[in-house]
Structure formats: C-alpha cells, structure tokens
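Given next are the chains, with one letter for each unit.
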Amino acid sequence: MTTVDQRHRTTPPAPRRRSRRDEILEIAVGLFASRGYHGVSMDDIGSAAGVTGPALYHHFAGKEAMLVAALIPVSESLLEGGKERVARHPGDAEAALADLIDFHVDFALANPAVIALHLHELDRLPEDPRRQIRKLQRLYVEEWVAVLSQLRPQMPAPEARVLAHAAFGLMNSTPFLGGEVDRVRRAALLRDATIHALTGH
C-alpha cells in the first residue's frame, strides 16, 4: 500500500473572502442603477449597508469614488478576460469568437446593475478615469474586431467594429430583461442572437 507524500500534496486556494468595502460597493452599485446617481446619497448607501457616516467615508471618499471603483475594475477585467480567451484558440477564429461570446454573456447576466451604471452614469466621472475606461473599452472592442477580421477577412475593420458594438448592444441588454425566462435559456438566446449578428448564420 502506497502513501501520499505530503510534501507534494496541493491544496486549492480558498476563495477570497469579500471585504466590507466590496459589500458596500455592491450595495452602492445597486442603488445607483435603480435610482440614478443623483437619486442616491451617501446616507442612503450607509443606511442600506448598515454603516455609519464615518465608517463609510473610511472606505470611500464619496459617491464619485464609488463610481470609479465600480467601473474601472470591470473594464480591466473584461479586457484581461477577452485577451485570455482569444489566446486559448490560436489560428481558430471561430472557436475564439464562441469563447468571447460565452465570456461576455456570462458577465452580462451576472452584472446587470454594473452595465446599467455604465450606460447611464459614465459621463459623471472626472475626465481622467473616464478616459481610462474609454481606452480600456476600445482595447476590448479591438480584441473582437481582430477575431472578426480573421473570421471574415473580406470585411473591412471599420465594419467589423460596427458589428462588435452591435453585439455588445445585444449582450448588454440584461438590465432590461425580466425574469420570465430562466437564466440558462436567456444565456442561450443571447449567445445565438450574438453569433448570428456577427457571422450572419
């Protein structure tokens, strides 16, 4: 009977515990998305989070800081995730596109409040973070454009860019979808509609 060498046994890392800051930010995002940025005060956020004023300001300088904290990491993670999925399929644009669509549909279904916040409140950010987010977005779009250009080489890049933005419009519709259709079916419908919009079949 063999024994396992404990030195070579690996234990998967425990999932990172959400911080109080993360919890407060999630609550703030939900309030901003449902009421609008100007319809929410710091007192509203503190009340919803069960946090007093001084404790709330320990985590965030104000609503603007919350907006920045919500939107910049999302844009960064979309770009990073998009690059990772394209890199999985060198020379196979069809598989890369399918992986990109799965990735973004999963994101959109998991984060409707963040999408709503981005659609309606991005222009409230100061110029520097707004420019940073716009740059990250453009780079993410270009990941899609590069894959589409490989898949449809006859299509000029500007036209591929139009299709990519149209696809985001489809996938980012999740803030406006009700609960009449279950999540699995919603994901399938969004994937099918997006692949049809991008490939024509």
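Please read all numbers here as calculations on a predicted model, not as lab measurements. (Residues numbered from 1 in each chain as written. Predicted model: local features only at pLDDT ≥ 70, side-chain atom pairs only at ≥ 80, totals over all residues. Heavy atoms only, no water.)

(A) Just the UniProt feature "DNA-binding region" (unreviewed entry) in the protein chain, in detail. On the UniProt side, "DNA-binding region" (unreviewed entry) is annotated at positions that read residues 41-60 here. Secondary structure content for residues 41-60 is 75% helix and 0% strand, and the end C-alpha separation is 13 Å. (UniProt positions renumbered as here; feature names shortened; annotations may be inferred. Helix = DSSP H or I, 4+ residues; strand = E, 2+ residues; numbered from the N terminus.)

(B) Layout of the layout of surface pockets. Taken as a whole, the largest pocket encloses approximately 510 Å³ of empty space. As for the largest pocket, its lining consists of 23 residues, and the residues nearest its centre are Leu78, His118, Gln137, Phe168 and Asn172. With 7 residues, helix α7 (residues 127-151) is the largest single contributor of residues to the lining of the largest pocket. When the residues that make up the lining of the largest pocket are grouped by side-chain class, the tally is 12 nonpolar, 7 polar and 4 charged. In this structure, the second largest pocket encloses a volume near 330 Å³. Around the second largest pocket sit 15 residues that line it, and Leu25, Ala70, Val74, Asn111 and Val114 are the ones nearest its centre. The set of elements that each furnish at least two residues to the lining of the second largest pocket consists of α1 (20-35), α4 (63-87) and α6 (112-121). Per element, the largest residue contribution to the lining of the second largest pocket is 6 residues, and it comes from α1. Here the lining of the second largest pocket is composed, by residue class, of 10 nonpolar, 2 polar and 3 charged. (1 Å grid on protein atoms, 1.4 Å probe; cavity = no way out; pocket = protein on both sides within 12 Å on 5 of 7 lines; lining within 4 Å. Points joined across faces, edges and corners; volume = space filled by probe spheres on them. Nonpolar A, V, L, I, M, F, W, Y, C, P; charged D, E, K, R; others polar.)

(C) Inspection of the environment of glutamate 80 at higher detail. Inspection of the secondary structure assignment puts glutamate 80 in helix α4. Judged by relative accessible area, glutamate 80 falls into the exposed class, the value being 56%. Glutamate 80 sits 56 residues away from leucine 136 along the chain, and the two C-alpha atoms are 9.7 Å apart. (Buried < 20%, exposed > 50% of the residue type's maximum accessible area, 1.4 Å probe, protein only.)

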